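The chain contents come next:
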Amino acid sequence: MSESESSPRIGQVVRIARGREAGQFAIVIQILDDRFVLLADGEKRKYDRPKKKNLHHIELMDYISPEVQNSLLETGRVTNGKLRFALSKFVNDIVTDLKKGDQLDGERRCN
């Protein structure tokens, strides 16, 4: 894994791998140190009450939301609506494309 893949960036989408919210997506809104980040999704985890998460418990996605990143860098804040929009855009555009092939394989395995 290269250095850029192992370090999170502001506005980057992550998949939560461990804990109660495992399997869900969130966005990095702050990097606390080399071990912890703050995550929010704008729905269950609002910007005002982010989740502190260990880097070992998340999977970094290869997608950074420019809207969220610009808002956080310019004003230091981001709206919950912008977080929800960025995550829905990521899920609709990227995750759906990835799962189309996997879904067919999964249905074949079940039958």
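Note that this is a predicted model, so its numbers are computed, not measured.

Peer 1: Would you take a moment to explain the side chain of Lys53 for this structure?
Peer 2: For Lys53, the position within the fold is in strand β4 (residues 51–54). Within the buried set, Lys53 has no salt-bridge partner at all; the shortest N-O distance to an opposite charge, 5.8 Å, is to Glu21. At a separation of 2.9 Å, a polar atom in the side chain of Lys53 contacts the main-chain carbonyl oxygen of Arg18. Residue contacts for Lys53: discarding those within four places in its chain leaves Ile16, Arg18, Gly19, Arg35, Phe36, Val37, Leu39 and Ile58.

Peer 1: Can you help me understand the environment of Lys44 in this one?
Peer 2: You can see Lys44 is positioned in the loop between β3 (36–40) and β4. Sequence-wise, Lys44 and Glu21 are 23 residues apart; in three dimensions their C-alpha atoms are separated by 9.9 Å.

Peer 1: Please explain the side chain of Asp41 as it appears in this structure.
Peer 2: Mapped onto the secondary structure, Asp41 falls in the loop between β3 and β4. One buried charge, Asp41, has no salt-bridge partner; the nearest side chain with opposite charge is Lys44, at 6.5 Å. For Asp41, the side chain forms a polar contact with the main-chain nitrogen of Glu43, separated by 2.8 Å. In terms of polar contacts, Asp41 uses its side chain to reach the backbone amide nitrogen of Arg45, at 2.8 Å.

Peer 1: Could you clarify how one ought to interpret the packing of aromatic side chains in this entry?
Peer 2: The full count for this structure, using the stated rule, is 2 aromatic pairs. An angle of 35° between the planes, with centres 5.4 Å apart, marks the rings of Tyr63 and Phe90 as tilted. Here Tyr63, found in strand β5 (residues 58–64), pairs with Phe90, found in helix α3 (residues 80–110); they are 27 residues apart in sequence, far enough to count as distant. With respect to burial, Tyr63 and Phe90 carry one shared label: buried. Within the aromatic cluster, the residues linked to one another by ring pairs are Phe25, Tyr63 and Phe90. Here Lys52 stacks its cationic end above the ring of Phe36, 4.6 Å away from the centre of that ring.

The rules behind each value
Residue numbers here run from 1 along each chain, matching the order of that chain's written sequence. Totals for whole chains, interfaces and linings use every residue, but because this is a predicted model, local features are given only for residues with pLDDT of at least 70 and side-chain atom pairs only at 80 or more, for both listing and counting. Hydrogens and waters are ignored; side-chain quantities use all the structure's heavy atoms. Secondary structure counts use DSSP, requiring at least four H or I residues in a row for a helix and at least two E residues in a row for a strand, with both numbered from the N terminus. For every residue, the accessible area (1.4 Å probe, protein chains only) is compared with the maximum for its type, and the residue is labelled buried under 20%, exposed over 50%, or partly exposed between those bounds. Counting rule applied: Lys, Arg positive; Asp, Glu negative; His and chain ends not counted. By convention in these notes, a salt bridge is any Lys or Arg side-chain nitrogen within 4 Å of a carboxyl oxygen on Asp or Glu. Each polar contact in these results corresponds to two N or O atoms within 3.5 Å; when the atoms are within protein, one needs to be able to donate a hydrogen and the other to accept it, and residues that are neighboring in sequence are counted only if both atoms are side-chain atoms. It only takes one pair of heavy atoms within 4.5 Å for two residues to be counted as in contact. Any pair of Phe, Tyr and Trp rings, taking the six-membered ring for Trp, is counted once the centres come within 6.5 Å. Such a pair is stacked with planes under 30 degrees apart, edge-to-face with planes over 60 apart, and tilted for the rest. Any Lys NZ or Arg CZ found within 6 Å of a ring centre and within 35 degrees of that ring's normal is scored as a charge over the ring.

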